[in-house]
Amino acid sequence: MIHGLIMDEKSFGIISDNLKWLESERRNQNDILAGVLAEACEIIKKDGSHPSGEELLNLFSDIKDNSLRSACFASLCSLLFDGERSTLGGALDIKSVVYMKSRTADEAFDAFSENLGELSASYGSNFSAICEEVYYERADACIMPLESTSDGLFMTFRNLLMKYELMIAAVCRIPTEDDGFLSTALLTSGKCDMNGNMYEIYFREMTSESLISLTLAADALNVKISRINSTVSKYSGVYDHYVCFEVPPRCAAALEFCINTLFPSNLIIGKYKILHR
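Residues numbered from 1 in each chain as written. Predicted model: local features only at pLDDT ≥ 70, side-chain atom pairs only at ≥ 80, totals over all residues. Heavy atoms only, no water.

**Details of helix α8 (residues 208-220)**
Here α8 contains 13 residues, and its C-alpha end-to-end distance of 19 Å stays within 8% of the 18 Å for a straight helix at 1.5 Å per residue. Of all 13 residues making up α8, ten are buried, and the element is well covered by its neighbours. Just downstream of α8 lies Asn222, where phi reads positive at about 60 degrees. (Helix = DSSP H or I, 4+ residues; strand = E, 2+ residues; numbered from the N terminus. Expected span 1.5 Å × (residues − 1). Buried < 20%, exposed > 50% of the residue type's maximum accessible area, 1.4 Å probe, protein only.)

**Details of a negative patch on the surface**
A cluster of like negative charges, contributed by Asp151, Glu177, Asp178 and Asp179, occupies part of the molecular surface. Within the fold, Glu177 resides in the loop between β5 (167-175) and β6 (181-188). Owing to a relative accessible area of 85%, Glu177 belongs among the exposed residues under this scheme. (Patch = residues over 30% accessible without salt bridge, like charges linked within 9 Å, V, L, I, M, F, W, Y side chains within 5 Å. Areas by Shrake-Rupley, 256 points an atom, 1.4 Å probe, with all protein chains shown as cover. Salt bridge = Lys/Arg side-chain N within 4 Å of Asp/Glu carboxyl O. Lys, Arg positive; Asp, Glu negative; His and termini not counted. Charge placed at Lys NZ, Arg CZ, Asp CG, Glu CD.)

**What to know about the confidence of the model for the chain**
Here the chain averages 84 in pLDDT, while 82% of its residues score no lower than 70. Between residues 1-16, whose pLDDT stays under 50, and residues either more than four places distant or in other chains, the model counts 29 contacts. (pLDDT = per-residue confidence, 0-100. Contact = heavy atoms within 4.5 Å.)

**Overview of the packing of helix α4 (residues 66-80) against helix α9 (residues 252-262)**
Contact pair α4 / α9: the axes reach a minimum separation of 9 Å and the direction vectors enclose 145 degrees. When the axes of α4 and α9 are compared, the crossing they make is right-handed. Mapping the contact onto sequence places Ser70, Phe73, Ala74, Cys77 and Ser78 in α4 and Ala254, Phe257, Cys258, Thr261 and Leu262 in α9. Residues belonging to the contact of α4 with α9 are distributed by class as follows: seven nonpolar, three polar and no charged. (Axes fitted to C-alpha atoms, helices over the stretch in contact; angles between N-to-C directions. Left-handed = near helix turned anticlockwise from the far one by under 90°. Nonpolar A, V, L, I, M, F, W, Y, C, P; charged D, E, K, R; others polar.)

This is the structure:
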């Protein structure tokens, strides 16, 4: 199911129509899967490892509709990887944190300290400087606001995250005076929380057709899309998408395998828990 989708009305209508169409195709999809699952079992490696994504995707080569092929492939991934845990991330060993001092940043620091243990704090003069501290390994993490309910994504900070190759390891939601919240992130250099249930993935220059395929695949994986933010790519005019998934632990490995096969140019920029103040 799609929850909290942030996009224009036309695109939302297209995706909603396709989800209704997918429901009508469930019986056909199940028939397809019954035959393909037998073939998939035959090509599983003798050592017990799973076939490659390309091998499994080729089993659906007769399906010409990209959306249905993506949904069927995702359903197969869900069956093959059911209950397998993610291999992405690890224990967060964070001791030193740098941030620009403010009331909201102090609140976020306190929340991260309560969750991760005692942290030492230092302060930077600007956001680029604190990102550099982490990039050059002079600090374990930095704190930076990423979005608010009133203003949406802060693209300047998102661009810094991408520039310095940082990952979202935890997010603290701080209430605001307009009854919304400010999402402030703990950013690390390539580290994320292996126990985090929120995935944030960046899809560059994704067409509307591919976005529909993504939403149908997520539905087949029993993964909730909690947010989609779309921005026009500065390179081509096609939309880039920041997609946030809420993923049950038993579905994590299936999601990672499915996304990496169907959308190999994706970039996982966060795997984290959401903390509340």
